[in-house]
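Residue-level structure breakdown
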Amino acid sequence: MLKILVRLYLITIVTFSAANYLVPVVVIGLFNDRFMRYNLEQSRGFQSLLNEQFHRVPIDQWSALASSLDQRFAPLQVSLIRIDDMTFSEPEQKRLRNGEDVMRLGDWGTTTLGVSPLDKQWAVALRVPPDPLDMNLLFWSMNVLIGAALLACLLFWLRPHWRDLERLKQTARYLGQGRLSERTNISPRSNIGELAAVFDTMAADIEHLLNQQRDLLNAVSHELRTPLTRLDFGLALALSEELPLASRERLQGLVAHIRELDELVLELLSYSRLQNPARQPERVMVSLDEFVDSILGSFDEELEAPDTVLDVLMHGSLERFALDPRLTARAVQNLLRNAMRYCERRIQIGVKVNPEGCELWVDDDGIGIPELDRERIFEPFYRLDRSRDRATGGFGLGLAISRRALEAQGGTLTAEQSPLGGARFRLWLPTVAETAVS
Ligand code: ADP
């Protein structure tokens, strides 16, 4: 916004200065005759009084009279001048010979030189010297003050627009972060009131559509669970009976499919629950090293494999930190599970706390993630089409859930290149005020 204001001010200042210089030049150029006549009329009396002074004395005293008048009129300059002087143009000489006055105009159409013929040979010239420096400065300061008043007026007019546009920008940002109930609430009387109203309607439509989608996903997932449980139960019953080996194997295959479907439904339910804006994170103070330990505890079996090395780096003094343990553990577990799937041998977890927040990263030395896919992998059901990915067989929901779990706490989750050669997932949680901790 500041950029707009600075640009507007620059444009106004340049335009004002250029107009101040050019407009008088153009107008005086276009209406030169009228300006000339006006100045001649204004100075007629003055010039004729001067002429009278000269005609009262003999011609040989004109020069002395001109000097004495010059002193009395200072800073205006009075001088005797020959009509055939080279400084006069042809038309000016013609006017003087015809007994008419001659004028020259300066800035803003004011007189700089007035010449009156005394006889066929001589004329008296009254020259207005340029304004002294202090007067010039005063004129300029008047211009500057007028310009400043204009700019102040502009700022006064712009302020409510600025405030409303900032509000619009902030609301758009909140909507992007998933706070779908945010509205601009800009008064309809504002100059951008109509735009804000259209924006608010759009936001309401988006909220409605997304809620509908979430409710549908939730309902379908719930509805699917009951028949799946029944099927699982039925198959377990069937398996408890005496069966030929081939049928038993086929039934066991079906049970595996049903368990997989059930897992998908559970993942979908977690994802749609995390999308619910009404769900507030439940932050509690946890000791970070104990928290990391407890997460690693759930991977005891996998970590016992001799071909995987896991290092934990704790940077600085790890104080207690306020976070939602369930949501955060869910995210970190997903990241660790992926790291175990994709690593060659090494996994590294790092934790660092600073006054702004807590950073936790999970590195591995696996195949990594191509730069172009580092954002897309957080989309639900997005899986990279690599032989390794097909072998690991997830649903592509893990990272989407992890990111949502962090965003629900105002944090972020990003993927980058790990110094170990594979992928690094960087998780960041902001420090919250004590009052927000339950
Ligand atoms: P899935 O449950 O299918 O693994 P995720 O959402 O957890 O789904 O991951 C999405 C995709 O991101 C995976 O299919 C995989 O291609 C890629 N990915 C995730 N973690 C890693 C990792 N540590 N190294 C390389 N690729 C990864």
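Source: prediction; values computed, not measured. (Residues numbered from 1 in each chain as written. Predicted model: local features only at pLDDT ≥ 70, side-chain atom pairs only at ≥ 80, totals over all residues. Heavy atoms only, no water.)

**Points about helix α3 (residues 62-73)**
The condition that has to hold: Secondary structure elements are defined from DSSP: runs of H or I of at least 4 residues count as helices, runs of E of at least 2 residues count as strands, and each element is numbered from the N terminus. By this rule the span expected of a helix is its residue count minus one, scaled by 1.5 Å. Relative accessibility thresholds used throughout: buried, under 20% of the residue-type maximum; exposed, over 50%; partly exposed, between the two (1.4 Å probe, protein chains only). Taking the helix axis as origin, the arc is that swept by the directions to the C-beta atoms. Contacts: residue pairs with any heavy atoms within 4.5 Å of one another.
An ideal rise of 1.5 Å per residue puts 16 Å on twelve residues; α3 measures up with 16 Å between its terminal C-alpha atoms. Listed as buried for α3 are W62, L65, A66 and L69. Within α3, the buried residues cover an arc of 100 degrees as seen down the axis, which keeps them to one side. Opposite the buried face of α3, at more than 90 degrees from it, the exposed residues are A64 and Q71. Looking at the buried positions of α3, the neighbouring elements they touch are α2 (32-55), β1 (77-82) and β4 (122-127).

**Re the pairing of strand β10 (residues 412-417)**
How we decide: Strands are labelled as partners when DSSP assigns at least two bridges between them.
The pairing of β10 with strand β11 (residues 423-430) spans six bridges and is classified as antiparallel. Its bridge partner being in β11, T414 is matched across the sheet by R426. Following β10, the chain reverses through five residues before pairing antiparallel with β11; G421 in that reversal takes a positive phi of roughly 110 degrees.

**A few points about the packing of aromatic side chains**
The condition that has to hold: In summary, the pairing rule links any two rings of Phe, Tyr or Trp, Trp by its six-membered ring, whose centres are within 6.5 Å, and it sorts them by plane angle into stacked for under 30 degrees, edge-to-face for over 60 and tilted for everything else. Should the NZ of a Lys or the CZ of an Arg lie within 6 Å of a ring centre and within 35 degrees of the ring normal, that charge is described as sitting over the ring.
Scanning all chains against the criterion turns up three aromatic pairs. Each ring, one from F54 and one from W62, has its centre 6.0 Å from the other, and the planes form 90 degrees; the classification is edge-to-face. Given a relative accessible area of 0%, F54 falls into the buried group. Of note, R82 hangs over the ring of W122, and the distance from its end group to the ring centre comes to 5.4 Å.

**Describing empty space enclosed by the protein**
The test is simple: Points on a 1 Å grid, built from protein atoms alone, make a cavity when a 1.4 Å probe fits but cannot get out and make a pocket when they are open with protein on both sides within 12 Å along at least 5 of 7 lines; residues with an atom within 4 Å of a point are the lining residues. Grid points are joined across faces, edges and corners, and a volume is the space filled by probe spheres set on the points. By the convention adopted, Pro, Cys, Tyr, Trp, Phe, Met, Ile, Leu, Val and Ala count as nonpolar, Lys, Arg, Asp and Glu as charged, and the other residues, Gly among them, as polar.
The full count for this structure, using the stated rule, is one cavity of 30 Å³ or more. The calculated volume of the largest cavity comes to roughly 40 Å³. Lining the largest cavity are L288, F291, L323, T328, C358, L360, L427 and L429. Going through the elements one at a time, α8 (288-297), β9 (357-364) and β11 are the ones with two or more residues in the lining of the largest cavity. Of the residues that constitute the lining of the largest cavity, the class distribution is seven nonpolar, one polar and no charged.

**Description of the pattern of salt bridges**
Using the following cut-off: Definition used for salt bridges: Asp or Glu carboxyl oxygen within 4 Å of a side-chain nitrogen of Lys or Arg.
Using the criterion set out here, one finds 18 salt bridges in the structure. One salt bridge connects R163 with D164, and the closest N-O pair in it is separated by 3.6 Å. With relative accessibility at 8%, the residue D164 sits in the buried group. Between E359 and R426 there is a salt bridge, with its nearest N and O atoms 1.9 Å apart. In this pair, E359 sits in strand β9 while R426 sits in strand β11, placing the two residues 67 residues apart along the sequence. One salt-bridge network, in which partners are shared between bridges, spans E359, E416 and R426.

**Let's talk about the side chain of D101**
Threshold: The positive count covers Lys and Arg only, the negative count covers Asp and Glu only, and His and the chain ends enter neither. Each polar contact in these results corresponds to two N or O atoms within 3.5 Å; when the atoms are within protein, one needs to be able to donate a hydrogen and the other to accept it, and residues that are neighboring in sequence are counted only if both atoms are side-chain atoms.
Looking at where D101 falls in the secondary structure, it is placed in the loop between α4 (90-97) and β2 (102-105). Although buried, D101 forms no salt bridge, and the nearest oppositely charged side chain, R44, lies 6.4 Å from it. A distance of 2.7 Å separates a polar atom in the side chain of D101 from a polar atom in the side chain of S116.

**Some thoughts on the nonpolar core**
Our working definition: To define a nonpolar core, start from buried Ala, Val, Leu, Ile, Met, Phe, Trp, Tyr and Cys residues and group those joined through side-chain atoms within 4.5 Å. Throughout, the edges of the domains are those of an automatic or database domain assignment.
Core analysis: the biggest nonpolar cluster contains 46 residues, and L336, L360, I377, F425 and L427 have the highest contact counts within it. Considering every element that reaches this core, the biggest residue donor is helix α10 (residues 325-342), with eight residues. Residue assignment places this core across two domains, with domain 2 (194-274) and domain 3 (284-436) each supplying three or more. Ranked by size, the runner-up nonpolar core spans ten residues in total, among them F54, L65, A66 and V124.

**Looking at the packing of helix α6 (residues 193-240) against helix α7 (residues 245-274)**
The cut-off we apply is this: All axes here are fitted lines through C-alpha atoms, helices being fitted over the stretch that makes contact, and every angle between N-to-C directions spans 0 to 180 degrees. Geometric relationships in this document are graded by angle, where less than 35 degrees denotes roughly parallel, more than 145 denotes roughly antiparallel, 65 to 115 denotes roughly perpendicular, and other angles denote oblique. Here is the rule for handedness: rotate from the far helix to the near one, and if that takes an anticlockwise turn smaller than a right angle the crossing is left-handed, while a clockwise turn gives right-handed.
The contact between α6 and α7 brings their axes to 9 Å, and the two run at 155 degrees. Here α6 lies roughly antiparallel to α7, going by the angle between them. For the crossing formed where α6 meets α7, the hand is left-handed. Looking at the contact of α6 with α7 residue by residue, the class counts come to 16 nonpolar, five polar and six charged.

**What about the sheet that holds β9?**
Where strands meet in a sheet, backbone hydrogen bonds hold them as pairs that are either parallel or antiparallel. Pairing is mixed in the open sheet, where five strands are placed in the order β6-β8-β9-β11-β10. In this open sheet, the two strands that pair with only one neighbour each are β6 (309-315) and β10. Averaged over all pairs of adjacent strands, the angle between their axes in this sheet comes to 15 degrees, without regard to strand direction. Where strand β8 (residues 346-354) lies against β9, eight bridges are found, and the strand directions are antiparallel. Looking across to β9, one finds that N354 is bridged to G357.

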